[in-house]
Every structure is written in structure tokens, then in C-alpha cells.
Amino acid sequence: MDVLDFGCGTGLLTLRLQPFVRSITGADTSQGMLDVLNAKITRQKLSNVRTQILDPRESASVRGSYDLIVSSMTFHHIPEIEPLLEHLFAITSFSGHLCVADLDCDGGRFHDSTEGCTTSVSTARRCAGLSQSRI
Ligand SMILES: C[S@@+](CC[C@H](N)C(=O)[O-])C[C@H]1O[C@@H](n2cnc3c(N)ncnc32)[C@H](O)[C@@H]1O
């Protein structure tokens, strides 16, 4: 299985999934985050983990084709969730899966501010046409 971790940060989720997949790509807009993940990849000599830097003005630029896309605690940073979801669906293989974990109705408490935090899971779910959250 080929997996994308969208907004991977330092790879906490990426590296938990790594032993179970053929390949996993960590994509993020922060070169600093990817530098930390790349150092872990080198230190642990992992051959099935790649990183991809994203343009912060265009998250939908992520490339590849994936059986599974995961994203943890990143969607609330994305102002335009609909084009991103369309793009993620376009690069998910037939019968693939998109798994999103994020804030919902948090009211800005996680970041002590709502600034820069725009999308709740409910909004993403509505955009994707899904009727219910599955936990
Ligand atoms: C709270 S961290 C979560 C990191 C990781 N997914 C985890 O659960 O540990 C949010 C991450 O989203 C990234 N990010 C912010 N805006 C983004 C965007 N437009 N596209 C992709 N990643 C973004 C940040 O650089 C950061 O690494």
C-alpha cells in the first residue's frame, strides 16, 4: 500500500505507519518540519519513506497516487478545504481511503486563537459530502 501523510509535521504518524506499508510520503509546507523528519529517516535507515515540500499558497500541489491518505491535525490550517479535498480524491486510487483527524468545534482553544485556524472537521465532512463522522 502506498500512503500519503498530508501535513506530516515531524512524522509522528508517518513513522507509526511506516512498518506496515510499501511506501509512505510525508508532505508538508514547512521545510523545518521536513528537515526533522528527513533526519529521522536517515538515522533509522528507512528506505520506504519520502518527503515532499508543498507550496503554502497551494496545498493542492501535492503529487503522486495513493491507496491511503491520512492527515492529522492539519486541516484546520487550510483556508480553502474544498479544492484540497477534490485534489486529494483525485490522487487517491479507486477504493482507496482518506482518513482525517482534526479539531471540531474547538472554538480556537487548541491554538489559544482562531487566527490561522479555519476549517473544522464538520466543514471538511460537509465539503466531502459525508454524512457522519466515524471514530
Ligand atoms: C499540528 S501540526 C500536525 C503535524 C502532524 N500531522 C502530527 O499529527 O504530528 C500541523 C502541520 O500542518 C502543516 N501545515 C500547515 N499548513 C499546511 C498546508 N496548507 N498544507 C500542508 N501542511 C500544512 C504544518 O507545517 C504542520 O506541520
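Everything here concerns the structure above.
Thresholds applied
Residues numbered from 1 in each chain as written. Predicted model: local features only at pLDDT ≥ 70, side-chain atom pairs only at ≥ 80, totals over all residues. Heavy atoms only, no water. Phe/Tyr/Trp six-rings, centres within 6.5 Å; stacked < 30°, edge-to-face > 60°. Helix = DSSP H or I, 4+ residues; strand = E, 2+ residues; numbered from the N terminus. Buried < 20%, exposed > 50% of the residue type's maximum accessible area, 1.4 Å probe, protein only. Salt bridge = Lys/Arg side-chain N within 4 Å of Asp/Glu carboxyl O. Arc of directions from axis to C-beta. Polar contact = N/O pair within 3.5 Å; in protein donor to acceptor, adjacent residues only side chain to side chain. Pairing = 2+ DSSP bridges. Right-handed = clockwise from strand over helix to strand, strands pointing away.

Draft legend 1. Quick look at the packing of aromatic side chains. According to the stated counting rule, one finds one aromatic pair in the structure shown. Judged by centre distance (6.4 Å) and plane angle (90°), the ring pair of Phe6 and Phe75 falls under edge-to-face. In this pair, Phe6 sits in strand β1 (residues 2-6) while Phe75 sits in the loop between β4 (66-72) and α3 (81-90), placing the two residues 69 residues apart along the sequence. Comparing Phe6 with Phe75, the two get one shared label, buried.

Draft legend 2. Expanded view of the pattern of salt bridges. Applying the stated criterion across every chain, the model contains two salt bridges. Note that Arg57 and Asp55 form a salt bridge whose closest N and O atoms lie 3.0 Å from each other. The exposure class assigned to Arg57 is exposed, which follows from its relative accessible area of 75%.

Draft legend 3. Quick look at unusual backbone geometry. Even without being glycine, Met73 reaches a positive phi, approximately 60°. Its location among the elements puts Met73 in the loop between β4 and α3. Non-glycine residue Ser95 carries a positive phi angle of around 65°. In this fold, Ser95 is placed in strand β5 (residues 92-101). Judged by relative accessible area, which is 60%, Ser95 ranks as exposed.

Draft legend 4. Quick look at α3. Within α3, the full set of buried residues consists of Ile81, Leu84, Leu85 and Leu88. Along the axis of α3, the buried positions cluster into a sector of 100°, meaning they face one direction only. Of the exposed residues in α3, those oriented more than 90 degrees away from the buried face are Glu86 and Ala90.

Draft legend 5. Looking closely at the side chain of His76. Here His76 lies in the loop between β4 and α3. Here Asp102 takes part through its side chain, which lies 2.6 Å from a polar atom of the side chain of His76.

Draft legend 6. Focus on the pairing of strand β2 (residues 23-28). Within β2, six of the six residues are buried, leaving the element largely enclosed by the surrounding structure. Relative to β2, β1 is paired through five bridges, and the arrangement is parallel. In the strand pairing of β2, Asp5 is matched with Gly26. Taking the sense of rotation as the criterion, the β-α-β connection linking β1, helix α1 (residues 12-17) and β2 turns out right-handed. With five bridges connecting them, β2 and strand β3 (residues 49-53) associate as parallel partners. Looking across to β3, one finds that Gly26 is bridged to Thr51. Taken together, β2, helix α2 (residues 31-43) and β3 form a β-α-β motif whose crossover is right-handed.

By themselves these figures say nothing about function.
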